[in-house]
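Given next are the chains, with one letter for each unit.
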Amino acid sequence: MGRTDRASRVIAAPAATVYGALLDRESLEVWLPPDGMRGRVERWDPRPGGGFRMVLTHLDPADSPGKTSDATDVVDVEFAALAPPERVVQRAVFEADDPSYAGTMTMIWHLTAAGEGTEVTVTATGVPTGIDQADHEAGIASSLANLASYVEAAD
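Residues numbered from 1 in each chain as written. Predicted model: local features only at pLDDT ≥ 70, side-chain atom pairs only at ≥ 80, totals over all residues. Heavy atoms only, no water.

*Asks:* In this structure, what is going on with the overall build of the protein? I would like to understand it.
*Replies:* Tallying secondary structure elements over the protein gives three helices and seven strands in all. Overall, the protein shows an N-to-C arrangement of helices and strands of β-α-α-β-β-β-β-β-β-α. Here the C-alpha atoms of the protein give a radius of gyration of 15 Å, agreeing with the 15 Å that 2.2 N^0.38 yields for 155 residues. Dimensions of the protein, computed from C-alpha atoms along their principal axes, come out at roughly 45 × 30 × 30 Å. Out of the 155 residues in the protein, the part that is buried amounts to 42%. A separation of at least 24 residues holds for 51% of the contacts in the protein among residues at least 6 apart in sequence. Accessible surface computed for the protein: about 7500 Å², of which carbon and sulfur atoms make up 49%. In the protein, 12 side chains carry a positive charge and 24 a negative one; their mean positions are 5 Å apart. (Helix = DSSP H or I, 4+ residues; strand = E, 2+ residues; numbered from the N terminus. Rg over C-alpha atoms; globule rule 2.2 N^0.38 Å. Buried < 20%, exposed > 50% of the residue type's maximum accessible area, 1.4 Å probe, protein only. Contact = heavy atoms within 4.5 Å. Areas by Shrake-Rupley, 256 points an atom, 1.4 Å probe, with all protein chains shown as cover. Lys, Arg positive; Asp, Glu negative; His and termini not counted. Charge placed at Lys NZ, Arg CZ, Asp CG, Glu CD.)

*Asks:* What is the right way to read unusual backbone geometry from this model?
*Replies:* The bulk of non-glycine residues show a negative phi, and the bulk of peptide bonds are trans. Omega for the bond connecting Pro84 with Pro85 falls within 30 degrees of zero, at -15 degrees, which places this linkage in the cis form. Tracing the chain through its elements places Pro85 in the loop between β4 (72–83) and β5 (87–95).

*Asks:* Which parts of the structure should I look at to understand helix α1 (residues 15–22)?
*Replies:* Each α-helix winds once per 3.6 residues, and so residues spaced three or four apart point in a common direction. Where α1 is concerned, the buried positions are Val18, Tyr19, Ala21 and Leu22. The buried side chains of α1 occupy one side of the element, clustering within an arc of 160 degrees when seen end-on. (Arc of directions from axis to C-beta.)

*Asks:* Can you walk me through the sheet that holds strand β2 (residues 37–45) in this structure?
*Replies:* As summarised here, the arrangement of the seven strands in space is β1-β7-β6-β5-β4-β3-β2, forming an open sheet in which the pairing is antiparallel. Whereas interior strands pair on both sides, the edge strands pair on one side only; in this sheet they are β1 (4–11) and β2. The average angle at which neighbouring strand axes cross in this sheet is 20 degrees, direction not considered. Relative to strand β6 (residues 105–114), β5 runs antiparallel, the two sharing six bridges. By the bridge assignment for β6, Val88 is matched with Trp109. (Pairing = 2+ DSSP bridges. Axes fitted to C-alpha atoms, helices over the stretch in contact; angles between N-to-C directions.)

*Asks:* Would you take a moment to explain the environment of Glu29 for this structure?
*Replies:* Its place among the elements puts Glu29 in helix α2 (residues 25–31). Take Glu29: its relative accessible area is 25%, and that puts it in the partly exposed class. Residues within four places of Glu29 in sequence aside, it is in contact with Gly39, Arg40, Val41 and Met54. Reaching out from Glu29, the side chain makes a polar contact with the backbone nitrogen of Val41 at a distance of 2.7 Å. (Polar contact = N/O pair within 3.5 Å; in protein donor to acceptor, adjacent residues only side chain to side chain.)

*Asks:* Explain the environment of Arg25 here, please?
*Replies:* Tracing the backbone shows Arg25 in helix α2. On the basis of relative accessibility, which here comes to 27%, the residue Arg25 falls in the partly exposed class. Once the C-alpha coordinates of Arg25 and Trp44 are considered, the two residues, 19 residues apart in sequence, prove to be 6.9 Å apart. Those residues within four positions of Arg25 in sequence are excluded, and the remaining contacts are Val41, Glu42, Arg43 and Trp44. For Arg25, the side chain forms a polar contact with the main-chain oxygen of Val41, separated by 2.7 Å.

*Asks:* Explanation requested: the nonpolar core in the structure shown.
*Replies:* Nonpolar side chains in soluble globular proteins tend to be buried together. If you look at the biggest cluster of nonpolar residues, it comprises 37 residues, and the most contacted ones within it are Trp109 and Leu147. Once you skip the residues sitting within four places of it in the chain, Leu147 turns out to touch Ile11, Val18, Ala21, Leu22 and Trp31. (Core = buried A, V, L, I, M, F, W, Y, C linked by side-chain atoms within 4.5 Å.)

By themselves, these figures tell us nothing about what the structure is for.
See below:
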């Protein structure tokens, strides 16, 4: 599980606005699910050592089966570190019977100034072997595109 997946995007919004969307329950439900999924946060505690539980539902499970059930991915996420407005470190564990999805994946959301906006780089380490790298990086890129649309519309 030594693989690292990455994606980044420049978002036309200040870092504080982007950071706020990373730590707001309702915002997260809107922008985090990648294309083809919808999300629901079941537990929310936005502090270091806190975290959230998200249920991601595949809109077409025949095309992309879930890790937890045929149609869902359930993930428990701990906020390992919060450094406003520059960095959010998350530790994610998928609820799955398949051992290829076991383990703790660390997701680092790093925000840096980029001209008039913010470059958001997501680095995932300890990615479970059952997650295809190309699919995962495409999913992260999709979430970043959703985040950009969300915060740019609100800004």
